[in-house]
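Fold and contact review
Chain by chain, the residues run as shown.
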Amino acid sequence: MTMTGKEQASERAERRRGRAARPLDEARLGDLALAYVARFATTAARLERHLARKLRERGWAGEREPDLAALVGRLAALGYVDDAAWAGARTDALLRRGMGARRIGQALTEAGVAESVRRGLAPGRAAQRQAAVDLARRKRLGPFDRQPPEPARREKQLAAMVRAGHGFDLARAVLDARGETELAQWVREAEDEQEEAG
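Here the structure is a predicted model, which is why all the values come from computation and not from measurement.

With that out of the way, let us pick up the packing of helix α5 (residues 83-96) against helix α6 (residues 101-110). α6 packs onto α5 with a crossing angle of 145 degrees between their chain directions and a minimal axis gap of 10 Å. Seen along the crossing, α5 lies across α6 with a hand that is right-handed. Contact with α5, carried on its side by Trp86, Ala87, Arg90, Thr91, Leu94 and Leu95, involves Ile104, Ala107 and Leu108 of α6 and no other residues of that element. Per-class residue counts for the contact of α5 with α6 are seven nonpolar, one polar and one charged.

Right, dumping it as structure tokens:
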């Protein structure tokens, strides 16, 4: 049995007044999971963590122990949860923000994406270079900096690029570039290498 809109509103109102919400049962847990995947793109591991947290917060009133893995598996089989699609979208978003391969790998690992999926989505050399250039442009680092280069300032810029997940060699190459044209050529070289290899 699914909860009606009035029942959901009643539960929200009870929580606002400081009363504990009713414990979850099989139907409410399924509704909660479905509402979560309807609202958010997620991975199976993140959905399972969310449901486990809700169970801790609200308690369980079902006849037998909840099988979160089976519920998440059922939603994945129906196509509501797709780790590979979520990971691909997240990888693209992080690359556009200028994040490096290490930072992307950390985000996917934290979300519970399988190693095989992470490996398949690892950004290529050209994408890594382009992300490093995008970060430098966005944060005004290296050749995009308006102030003259000083050793202390360069060290801070290098640290910012490494925190964003770029390797030292990649970060140094971007920071040492003389201008945007040189960086564009550098990215184009990697794209040409990938085309020849693939």
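Enumeration over the complete set of coordinates arrives at 13 salt bridges. The residue Asp145 makes a salt bridge to Arg153 at a minimum N-O spacing of 2.6 Å. Under the relative-accessibility criterion, Arg153 is labelled partly exposed at 29%. For Asp176, the salt bridge goes to Arg154, with nearest N and O atoms at 2.7 Å. Within this pair, whereas Asp176 is found in helix α10 (residues 168-176), its partner Arg154 is found in helix α9 (residues 151-163), the two being separated by 22 residues in sequence. When its relative accessible area of 48% is taken as the criterion, Asp176 is described as partly exposed. Sharing partners across several salt bridges, the network here consists of Arg53, Lys54 and Glu57.

This paragraph deals with the environment of Arg102. Secondary-structure assignment places Arg102 in helix α6. The class for Arg102 is partly exposed, based on a relative accessible area of 40%. Sequence separation between Arg102 and Phe144 is 42 residues; the distance between their C-alpha atoms is 23 Å. Among residues more than four places away in sequence, those in contact with Arg102 are Val162, Arg163, Gly165 and His166.

Counting 28 residues, the largest nonpolar core has Val133, Met161, Val174, Leu183 and Trp186 as its most contacted members. Secondary-structure elements contributing two or more residues to this core are α5, α6, α8 (125-139), α9, α10 and α11 (180-197).

In this section: the side chain of Thr42. Residue placement: Thr42 occurs in the loop between α2 (26-39) and α3 (44-58). Setting aside chain neighbours within four positions, we find Thr42 in contact with Tyr36, Val37, Leu47, Val81, Asp82 and Trp86.

Direction vectors running N to C along α9 and α10 enclose 135 degrees, while the axes themselves pass 9 Å from each other. With respect to α10, the axis of α9 lies oblique. The handedness of the crossing between α9 and α10 is right-handed. In this structure, α9 contributes Arg154, Gln157, Leu158, Met161 and Val162 to the contact, and α10 contributes Phe168, Ala171, Arg172, Val174, Leu175 and Asp176.

What counts, and at which threshold
- Residues numbered from 1 in each chain as written.
- Predicted model: local features only at pLDDT ≥ 70, side-chain atom pairs only at ≥ 80, totals over all residues.
- Heavy atoms only, no water.
- Axes fitted to C-alpha atoms, helices over the stretch in contact; angles between N-to-C directions.
- Helix = DSSP H or I, 4+ residues; strand = E, 2+ residues; numbered from the N terminus.
- Left-handed = near helix turned anticlockwise from the far one by under 90°.
- Contact = heavy atoms within 4.5 Å.
- Nonpolar A, V, L, I, M, F, W, Y, C, P; charged D, E, K, R; others polar.
- Salt bridge = Lys/Arg side-chain N within 4 Å of Asp/Glu carboxyl O.
- Buried < 20%, exposed > 50% of the residue type's maximum accessible area, 1.4 Å probe, protein only.
- Core = buried A, V, L, I, M, F, W, Y, C linked by side-chain atoms within 4.5 Å.
- Parallel < 35°, antiparallel > 145°, perpendicular 65-115°, else oblique.

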